[in-house]
Amino acid sequence: MTTVQPQDIAAGPPLLEVDDLRVEFDTYGGSVKAVRGVSFSVAAGKTLAIVGESGCGKSVTVQTLMGLTPMPPGRITSGRARLRGVDILGRTEIGGREIRGREIGMIFQDPMTSLNPTMTIGRQIAETLEVHRGWSRKRALDRAVELLDMARIPEAAQRANQYPFEFSGGMLQRAMIAVAIACEPAILIADEPTTALDVTIQAQVLDLLSDLQRDIGTAIILITHDLGVVARMADDVVVMYAGQVAEQGSVEDVFYRSAHPYMLGLRAAMPSNSSDRRHRLLPIEGSPPDLFSPPTGCAYAARCPHAMRICSTTDPGAFSLGGGHTARCWLHGDKAPRVPQLAYAGAAPGLKA
Amino acid sequence: MTAAPPLVVADKLTKYFQLSGGRQIHAVDQVTLTVHEKEVVGLVGESGSGKSTLGKTLIGLHPRTSGTASYRGEALPQRYQPEDFRRWAKKTQMIFQDPYSSLNPRMTVGEIVGEGLKLHSTCSATEIRDRAGDWLKRVGLEPDHMSRYPHEFSGGQRQRIGIARALILEPEFVVCDEPISALDVSVQAQVVNLLDELKTSMGLTLLFIAHDLSMVRYVSDRMAVMYLGVIVEIGPASDVFFSPKHPYTEILVASNPEPDPLRERHRRSETIAGEIPSPVDVPAGCRFSGRCPRVMDVCRSVTPQLLPLADATDRQVACHLFAT
Ligand SMILES: Nc1ncnc2c1ncn2[C@@H]1O[C@H](COP(=O)(O)OP(=O)(O)OP(=O)(O)O)[C@@H](O)[C@H]1O
Ligand SMILES: Nc1ncnc2c1ncn2[C@@H]1O[C@H](COP(=O)(O)OP(=O)(O)OP(=O)(O)O)[C@@H](O)[C@H]1O
Ligand code: SF4
Ligand code: SF4
Ligand SMILES: [Mg+2]
Ligand SMILES: [Mg+2]
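Note that the coordinates shown come from a computational prediction; the quantities given were computed from them, not determined experimentally. (Residues numbered from 1 in each chain as written. Chains lettered and ligands numbered in written order. Predicted model: local features only at pLDDT ≥ 70, side-chain atom pairs only at ≥ 80, totals over all residues. Heavy atoms only, no water.)

Visitor: An account of the overall build of chain B is requested, with residue identities and associated values reported.
Guide: Helices and strands together make up the secondary structure of chain B, namely 10 helices and 12 strands. Relative to the 2.2 N^0.38 estimate, which gives 20 Å for 324 residues, the radius of gyration of chain B is 21 Å and therefore close to what a compact globule would have. Across its three principal axes, chain B shows a C-alpha extent of roughly 65 × 50 × 45 Å. Taken across its 324 residues, chain B has 54% of its residues classed as buried. Here the contacts in chain B between residues at least 6 apart in sequence split such that 64% fall between residues at least 24 apart. Surface summary for chain B: the accessible area is close to 13800 Å², and the carbon and sulfur share equals 50%. Between the centroid of the 36 positive side chains of chain B and the centroid of its 38 negative side chains there is a distance of 3 Å. (Helix = DSSP H or I, 4+ residues; strand = E, 2+ residues; numbered from the N terminus. Rg over C-alpha atoms; globule rule 2.2 N^0.38 Å. Buried < 20%, exposed > 50% of the residue type's maximum accessible area, 1.4 Å probe, protein only. Contact = heavy atoms within 4.5 Å. Areas by Shrake-Rupley, 256 points an atom, 1.4 Å probe, with all protein chains shown as cover. Lys, Arg positive; Asp, Glu negative; His and termini not counted. Charge placed at Lys NZ, Arg CZ, Asp CG, Glu CD.)

Structure follows, in structure tokens:
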């Protein structure tokens with residue numbers, strides 16, 4: 001199997017390296033191949049966005065890193081995830097530090113899934129610090145107020161004594177960020193953190209994430225299907241389709257030099273604000289494949305306007321376009337016709353990664 | 001604008017929800033809005049600003065607290081009786097946000113799509129089946145999907161079922177309440193194009209509620225912006241989007257992220273200070289005054305009216321900065 005290790009030019013060795021991760025779920029209907037060989041890396045202090053259609057395996061990928069995928073029915077059938085070189089799959093701590101909460105913090109779409117409705121917000125943050133860092137009650141509570149203040153909760157000292165139901169949706173989301181960063185984790189995973197929020201509150205939450213990243217140097221893995229949010233936040237992007245990485249690279253490469261027909265399809269489906277209103281949106285027809293029995297060839301073949309005969313029989317694997325930019329598509333093979341909208345590796349024929 | 005009488009007119013339309021202790025939520029407060037025939041009016045604004053309530057009140061799903069509403073010049077009842085629903089359901093319909101919870105899981109797709117005809121027409125059972133099958137085809141599904149249940153369909157397909165259900169009575173005015181928010185980007189375009197095509201072929205008039213400003217601009221002729229129960233700005237969609245006037249609209253537009261990394265990186269972020277005031281204790285004067293970066297003394301005591309701009313009379317703004 002081909003594995004891809006995008007090299008981050010600016011940063012040193014990656015903080016987190018996920019290599020050929022595969023996760024299945026056993027159900028009465030058969031096994032769902034939810035994650036099918038996903039590889040990516042995250043550099044310290046950078047933001048990696050994971051995008052893709054509903055059901056393509058974004059949440060399962062990150063939940064598996066955090067040890068949150070229920071097993072059974074879930075099963076990791078292969079792969080490694082190295083945090084500073086140490087494999088964390090199946091472990092709950094490394095070197096006496098808990099992975100969940102301490103090394104990796106997590107923010108969910110619905111704040112109530114991670115906040116306790118019967119405990120004040122301040123106590124919840126303080127408790128994390130008491131448990132993970134062994135701080136005293138007083139010290140932890142003082143820090144909780146500071147964190148709420150960093151999360152731009154007005155009158156943080158009073159607010160710390162309130163319960164989740166007394167907060168608005170946007171404030172709850174910010175409070176959850178305060179909980180997630182309490183232990184200054186090396187990585188913050190945010191799974192659709194703003195999908196339920198309107199654009200002004202979304203902007204507040206995204207700004208807060210960027211500021212915290214600058215202040216405490218956390219790397220962020222951001223899951224979203226909003227390409228606007230990706231453009232605003234990401235350094236690097238992983239585009240997933242049917243449990244695989246269809247394309248990955250720097251945000252500039254993926255947006256301005258898209259190399260996979262699925263990414264081209266996503267861009268054509270969105271209205272553009274610079275162009276005239278009456279250019280028609282081009283939807284991607286059809287729906288993603290059945291993950292009980294994924295196709296043997298390219299997963300996108302049934303919907304792809306450029307599909308060739310080989311696409312339905314043989315998996316393309318990832319082609320490298322240079323600079324960590326890869327695309328899982330036969331169009332980068334040397335016998336493929338050229339598609340004008342697609343970006344290729346230099347002028348040379350595609351190289352297998 | 002044409003000289004034809006407007007299709008829908010709301011005048012000082014108000015909807016309060018009663019809370020215990022005599023307090024009330026000012027969900028929609030004295031909104032005046034005109035929708036012309038075959039026009040698409042986009043409605044945007046902060047969560048909780050009253051967009052859904054305005055849409056529902058316009059088509060009688062909520063009784064009005066005060067104000068009037070009319071359809072082709074005919075006054076609409078303040079509170080709908082069953083016969084009013086029978087009569088107006090043929091002209092006004094609603095498409096809901098959530099394609100998952102808005103379809104009854106125990107009904108077949110054929111029953112869901114045909115339900116309106118069963119309730120509001122004298123069609124025979126076979127006629128209803130035929131029409132439902134036709135509509136499924138029209139929204140890009142197969143007539144033999146009729147005997148299946150909603151859970152067998154994807155989000156985009158379910159939203160098409162919701163559209164077929166709303167349109168089978170061939171209404172003239174449809175309130176689309178976030179019809180694409182729950183869908184993937186790849187599917188949103190399918191639904192938008194379908195609405196666009198039906199708008200042309202049926203001559204539909206739409207009130208299109210959404211959070212995605214780029215999509216609202218794409219779909220709409222005019223765009224209205226709500227804040228805390230009132231319309232603060234309305235005008236041609238591209239004008240409002242590209243040169244917003246009201247300070248709240250400015251921030252709203254500036255908050256809308258675009259799929260363009262270079263542009264996003266260089267754009268200064270303008271977030272609103274403070275939290276949304278409670279719709280129970282609405283601030284005196286301008287409702288945005290507590291958070292407005294350009295607030296003046298007058299703003300805290302005098303309520304600005306929605307008035308045409310001096311240099312662009314097709315645009316209206318409720319802000320003292322533009323008072324002439
Ligand atoms: N506990 C489970 N049992 C069986 N199948 C599961 C389970 N959890 C997830 N799956 C399946 O795994 C696949 C990937 O799901 P996942 O939640 O990762 O998608 P996603 O990309 O996060 O989608 P969304 O954008 O809708 O959140 C889906 O087909 C889903 O049905
Ligand atoms: N049936 C109801 N009973 C009581 N209060 C309600 C009801 N429906 C809406 N409200 C309140 O009225 C206000 C306006 O709500 P509405 O749902 O119209 O907002 P919206 O602009 O559609 O928001 P969103 O973008 O989140 O859908 C809110 O404060 C809401 O809590
Ligand atoms: S491999 Fe073939 S089907 Fe798949 S994306 Fe490329 S051209 Fe399309
Ligand atoms: S009326 Fe005053 S407070 Fe209100 S938006 Fe205009 S300038 Fe701001
Ligand atoms: Mg998910
Ligand atoms: Mg609403």
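Visitor: Residue-level account of the pattern of salt bridges, with values.
Guide: Throughout the structure, instances matching the rule amount to 27 salt bridges over all chains. In this structure, the salt-bridge partner of Arg72 of chain B is Glu37 of chain B, at a minimum N-O distance of 3.1 Å. Of this pair, Arg72 of chain B sits in the loop between strand E4 (66-71) and strand E5 (74-75) while Glu37 of chain B sits in the loop between strand E2 (24-35) and strand E3 (40-45), placing them 35 residues apart in sequence. Assessed through its relative accessible area of 36%, Glu37 of chain B is described here as partly exposed. In this structure, Arg263 of chain B engages Glu258 of chain B in a salt bridge whose closest nitrogen and oxygen atoms are separated by 3.4 Å. Residues joined in a network through salt bridges with shared partners are Glu24, Asp26 and Arg75 of chain A. (Salt bridge = Lys/Arg side-chain N within 4 Å of Asp/Glu carboxyl O.)

Visitor: Tell me about the packing of helix H2 (residues 121-133) of chain A against helix H3 (residues 137-150) of chain A, and name the residues and values.
Guide: Residue and element names in this part refer to chain A. One can describe the packing of H2 onto H3 by two numbers: an axis separation of 8 Å at closest approach and a directional angle of 120°. Classified by the angle between their axes, H2 and H3 sit oblique to one another. Considering how the two elements wind past one another, H2 and H3 form a crossing that is right-handed. For the pair H2 and H3, contact is made by Ile121, Gly122, Arg123, Ile125, Ala126, Leu129 and Glu130 and by Arg137, Ala140, Leu141, Arg143, Ala144, Leu147 and Leu148, respectively. Classifying every residue of the contact of H2 with H3 by side-chain character gives nine nonpolar, one polar and four charged. (Axes fitted to C-alpha atoms, helices over the stretch in contact; angles between N-to-C directions. Parallel < 35°, antiparallel > 145°, perpendicular 65-115°, else oblique. Left-handed = near helix turned anticlockwise from the far one by under 90°. Nonpolar A, V, L, I, M, F, W, Y, C, P; charged D, E, K, R; others polar.)

Visitor: Could you give an account of the site of ligand 3, with specific residues and numbers?
Guide: Lining the immediate surroundings of ligand 3 are 13 residues, of which Cys298, Cys304, Cys311, Cys329 and Trp330 of chain A lie closest. Across the shell around ligand 3, the residue classes break down as 11 nonpolar, two polar and no charged. (Near = heavy atom within 4 Å.)

Visitor: Describe in detail a nonpolar patch on the surface, supporting the description with residues and values.
Guide: On the surface, Met296, Val298, Val302 and Leu321 of chain B cluster together to form a nonpolar patch covering roughly 260 Å² of accessible area. Here Met296 of chain B shows up in the loop between helix H10 (261-266) and strand E11 (307-308). (Patch = residues over 30% accessible without salt bridge, like charges linked within 9 Å, V, L, I, M, F, W, Y side chains within 5 Å.)

Visitor: If you had to explain the packing of helix H6 (residues 199-216) of chain A against helix H9 (residues 247-255) of chain B to someone new, which residues and values would you point to?
Guide: Packing of H6 of chain A against H9 of chain B brings their axes to within 8 Å, and their N-to-C directions diverge by 60°. As far as their axial angle goes, H9 of chain B and H6 of chain A are oblique. Our pair here, H6 of chain A against H9 of chain B, has a crossing hand that is left-handed. In this structure, H6 of chain A contributes Val199, Thr200 and Ala203 of chain A to the contact, and H9 of chain B contributes Tyr248, Ile251, Leu252 and Ser255 of chain B. Split by residue class, the contact of H6 of chain A with H9 of chain B holds five nonpolar, two polar and no charged.

Visitor: I'd like a description of the pairing of E3 of chain B, backed by residues and values.
Guide: It is a general feature of regular strands that their side chains alternate between the two faces of the sheet. Residue and element names in this part refer to chain B. By the criterion of burial, E3 is predominantly enclosed, with six of the six residues buried. Residues Val40, Gly42 and Val44 of E3 are buried on one face, and the alternating residues Val41, Leu43 and Gly45, pointing to the opposite face, are buried as well. Of the pairings in the sheet, the one linking E3 to strand E8 (residues 205-209) comprises four bridges and is parallel in character. Looking across to E8, one finds that Val41 is bridged to Leu207. (Pairing = 2+ DSSP bridges.)

Visitor: Explain the sheet that holds strand E6 (residues 92-95) of chain B to me, using residue names and the numbers behind them.
Guide: Residue and element names in this part refer to chain B. With mixed pairing, the eight strands of this open sheet are ordered in space as E6-E7-E8-E3-E9-E10-E12-E11. In this open sheet, the two strands that pair with only one neighbour each are E6 and E11. On top of the sheet, H9 reaches E3, strand E9 (222-227) and strand E10 (230-236); it is set at about 105° to E9, its chief contact.

Visitor: Tell me about the nonpolar core, residues and numbers included.
Guide: Ranked by internal contacts, the top residues of the largest apolar core, which has 95 residues, are Val237 and Phe255 of chain A together with Val113, Ile163 and Phe208 of chain B. Looking at this core, the element that brings in the most residues is helix H6 (residues 185-202) of chain B, giving eight residues. With residues near it in sequence (within four places) discarded, Val113 of chain B still touches Ala132, Trp135, Leu136, Ile161, Ala164, Arg165 and Ile168 of chain B. Counting residues in each nonpolar core, the second largest holds 40 residues, with Ala140, Val179, Cys183 and Ala190 of chain A among its members. (Core = buried A, V, L, I, M, F, W, Y, C linked by side-chain atoms within 4.5 Å.)

Visitor: Which residues make up the domain arrangement of chain B, and what values do they have?
Guide: Interface size, as often reported, equals the accessible area lost upon joining of the parts. All names here are of chain B. Each assigned domain of chain B is listed here: domain 1 (6-91 + 171-322) and domain 2 (105-170). Between the C-alpha centres of domain 1 and domain 2 the distance comes to 30 Å. At the junction of the two partners, domain 1 supplies 18 residues and domain 2 supplies 14 residues. The junction of domain 1 with domain 2 conceals about 1300 Å² of combined surface from both sides, 70% of it contributed by carbon and sulfur atoms. (Domains from an automatic or database assignment. Buried area = accessible area lost by both parts, 1.4 Å probe.)

Visitor: So what's going on with H9 of chain B? Which residues, and what values?
Guide: Within H9 of chain B, eight of the nine residues are buried, which leaves the element mostly enclosed by the surrounding structure. Pro247, Tyr248, Thr249, Ile251, Leu252, Val253, Ala254 and Ser255 of chain B are the residues of H9 of chain B that are buried.

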